[in-house]
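A structural walkthrough
Chain residues, written in single-letter form:
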Amino acid sequence: MSLTELTIAAAADGLRRGDFTAVALTEAHLAAIAAENPRLNAFITVTAEAALDRAAAADRALAAGTARPLAGIPLAIKDLFCTEGVRTTAGSRILGNFIPPYESTVTRRLLDDGAVFLGKANLDEFAMGSSNMTSAFGPVANPHRRRQDPDAVLVPGGSSGGSAAAVAAGLAMGATGTDTGGSIRQPASFCGIAGIKPSYGRCSRWGVVAFASSLDHPGPFARTVEDCAILLGSMAGHDPKDSTSADLPVPDYRTACRRGVKGLRIGVPREYRAEGMAGEIEALWAHGIARLREAGAEVVDVSLPHTKYGLATYYIIAPAEASSNLARYDGVRFGFRAAGGGDLRELYEHSRAEGFGAEVRRRILIGTYVLSAGYYDAYYLRAQKVRALIKRDFDEVFRGVDALLTPTAPSAAFGQGEKMDDPVTMYLNDVFTVPADLAGVPAMSVPAGVDADGLPLGLQVIGRGFDEATVFAVGAALEGMG
Ligand code: GLN
C-alpha cells in the first residue's frame, strides 16, 4: 500500500514502528499534490518547505520518544482558518493578500499535537456555497467520475470542497473544514469520505474567518470514522478566546468508535423523506437502517415537525450574520483595496464591489434587507423564533432516541456547470444538513455506498448536543456498508 493510502491510525503506528519516516510520508503527499493538484485545484497555497521542516521535527521527536499523537501526520487546512505567516484568503479576492499575524486555536492545537500542514485548501468564497464554484481561486474537481460519463467534471460539494477533494484523492490524510449549513457533511458525502460537524462550541471559532457566527462549526474530514475521531480529539476543547466555546471535558472519541450500537435507540425522522427523493438515496437509507438493526440497535420512526422551515430559516439567519460580519472588509483595514481616487465612501464601495464575488454580494444584500428596520420583525425576528422551534424538535426527539439516521444530501455530486443559474436550486442541497446547524447538535456524514454511476453517497448520523461519542459509535457501525 502506498503511503498516501494509509489511514491516520495506521500511519501513526507505522511511524512509531519505524516502517517509514515522517519526512517520507510528507514527501509522498507533496508528490501527490504536485501530480494531482493542477487537475483538482484542491489547494490554494502549498507550504512544502514548512511541511518538510515540521516532518523532520516530527522524526526527531519520534526518535526521542517525545512524539505527540499527530506527529508527522500531513493535513490540509481549509483556507478559512488563520495560519500565522501563511496567506489566508477565505477563497475571496478581498483577502487575496492577507497574511495573518496569528494562528487559529484549532490549527494551533493540531500543530501542538505534531501535525504537518501541507497547505491551504480551496473553498467557496467566505464558505458560502455547496459546490466550491464560488471561489475566487477557481473551482475544485471531485476526484470521482461518473461511470457512464467519465469526461464530465463533478463538483466536490462545498463549501469545504478543497479539503474533501484533497482527502479523497490522497493528497492529505485528513483536513479541517467548517460547517455553517452543511459544508463538512455535504462535501464528505460527495467525495466518499467521513466528516463530522461537532456540537456548537466544541471547537473554538477563534481565528476562523467568520461567516455566520451562531452557526459556524469547525470540524475534521478523514477517510475513516476513526481518523475523524483522532482529529476531533485534537481540535476540540475549551478556549477562553471564544466566548461561545464550551467548557466541557473532551471524551476519548477513538474508544467511542469501538463501543458498538447494541441497545441504542436510533430515530428515523419522517420529515426527511423529501418528496421526489431519488430511489437510490431511499435504498441507501433503508440499507443503513437494516445494518444498525443487525448490529443490535433498535430503530424507530420519529418526527421533527419543523424540519420544513429549516432552509428558509437558515437562508435568513446566515446572510443576516454574514452581512454584519463582512462589514469589516472596507478596503481600509484588511486585504484588497480598489485602485483609483474618490472619497472614502467611493473607496468602500469600489473595494467591496470588486473584492467580493456575486454570491457573497447576494448574501450581503439579503442579510442587510432582513435586518433593515422595516423588515426585521417580519424576517429576522421570525426566523429566530422558528430556529428555537427547530431546536426544540431535537430536544424532544432526543428524550426518546440516542441518535438519528438520515441521508446527508438529496443527490450525489453534480456537474460543475449545473445548478449555477438558480441560487434556490443550489440552496436545496442543504435541506438535510441545515437543521443540525440551527440546533447546534453534532452530525456526521459516513460514506455508505455508491449510486448507479459509481458516485459516493453518504448517510448522516445526528446526535444529542455534546454527545459526539454516540455519533462516532453509530458512524463506525455504518462504515464500509457500501
Ligand atoms: N451551502 C450552505 C451555504 O451556502 C452552507 C455553507 C457552509 O456550511 N459554510 O450557506
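1. Details of the site of the ligand
Neighbouring residues of the ligand: 15 residues in total, closest Ser130, Gly181, Ser183, Tyr314 and Arg363. Ala127 is positioned such that a nitrogen or oxygen atom in its backbone is 2.8 Å from a nitrogen atom of the ligand. Thr180 has a polar backbone atom sitting 2.8 Å from an oxygen atom of the ligand. Burial of the ligand by the protein amounts to 100% of the accessible area it has alone, namely 300 Å².

2. Quick notes on the pattern of salt bridges
The tally for this structure, following the rule as stated, stands at 22 salt bridges. Taking the shortest distance from any N to any O, the salt bridge between Asp242 and Arg205 comes out at 3.4 Å. Taken together, the residues span a long stretch of sequence, with Asp242 in the loop between α7 (225-235) and α8 (253-256) and Arg205 in the loop between β5 (194-197) and β6 (217-222) at a distance of 37 residues. A salt bridge links Glu349 to Arg345, with the nearest nitrogen and oxygen atoms 3.1 Å apart. Taken together, the positions of Glu349 and Arg345, both in helix α11 (residues 344-355) and 4 residues apart, correspond to about one turn of that helix. Within this structure, Glu84, Arg108 and Asp112 form a network of salt bridges that share partners.

3. What to know about unusual backbone geometry
A cis amide bond links Gly158 to the next residue, Ser159, at an omega of 10°. Not every positive phi belongs to a glycine, and Asn132 is a case in point at roughly 65°. One can find Asn132 in the loop between β3 (116-121) and α5 (161-168). The exposure class of Asn132 is buried, given its relative accessible area of 0%.

4. A short note on the confidence of the model for the protein chain
Looking at the protein chain, the pLDDT average stands at 96 and 100% of residues meet or exceed 70. Across the protein chain, strand β2 (residues 74-78) holds the top mean pLDDT of 99, while helix α14 (residues 423-427) sits lowest at 82.

5. Here we look at the sheet that holds strand β7 (residues 265-269)
Pairing in this open sheet of 11 strands is mixed, and the strands run β1-β3-β2-β4-β6-β5-β10-β11-β9-β7-β8 from one edge to the other. Across the chains shown, the open sheet's two edge strands, defined by having one partner strand only, are β1 (43-46) and β8 (298-302). Put simply, the sheet's adjacent strands are angled 30° from each other on average, direction ignored. As paired elements, strand β10 (residues 443-450) and strand β11 (residues 456-463) share 7 bridges and run antiparallel to each other. Following the sheet pairing, Ser445 is matched in β11 by Gln460.

6. Here's the deal with helix α10 (residues 310-325)
Counted at 1.5 Å a residue, the expected span for α10 with its 16 residues is 22 Å, and the 22 Å between its end C-alpha atoms agrees. Within α10, 14 of the 16 residues are buried, which leaves the element mostly enclosed by the surrounding structure.

7. Description of the nonpolar core
In terms of nonpolar packing, the biggest core is built from 153 residues, with Leu110, Phe126, Leu292, Phe394 and Phe472 touching the most fellow members. In terms of residue count, α10 provides more of this core than any other element does, 8 residues in total. In contact with Leu292, not counting residues within four places along its chain, are Val261, Ile266, Ala297, Val299, Leu405, Val474, Ala477 and Leu478.

Parameters at a glance
Residues numbered from 1 in each chain as written. Predicted model: local features only at pLDDT ≥ 70, side-chain atom pairs only at ≥ 80, totals over all residues. Heavy atoms only, no water. Near = heavy atom within 4 Å. Polar contact = N/O pair within 3.5 Å; in protein donor to acceptor, adjacent residues only side chain to side chain. Areas by Shrake-Rupley, 256 points an atom, 1.4 Å probe, with all protein chains shown as cover. Salt bridge = Lys/Arg side-chain N within 4 Å of Asp/Glu carboxyl O. Helix = DSSP H or I, 4+ residues; strand = E, 2+ residues; numbered from the N terminus. Buried < 20%, exposed > 50% of the residue type's maximum accessible area, 1.4 Å probe, protein only. pLDDT = per-residue confidence, 0-100. Pairing = 2+ DSSP bridges. Axes fitted to C-alpha atoms, helices over the stretch in contact; angles between N-to-C directions. Expected span 1.5 Å × (residues − 1). Core = buried A, V, L, I, M, F, W, Y, C linked by side-chain atoms within 4.5 Å. Contact = heavy atoms within 4.5 Å.

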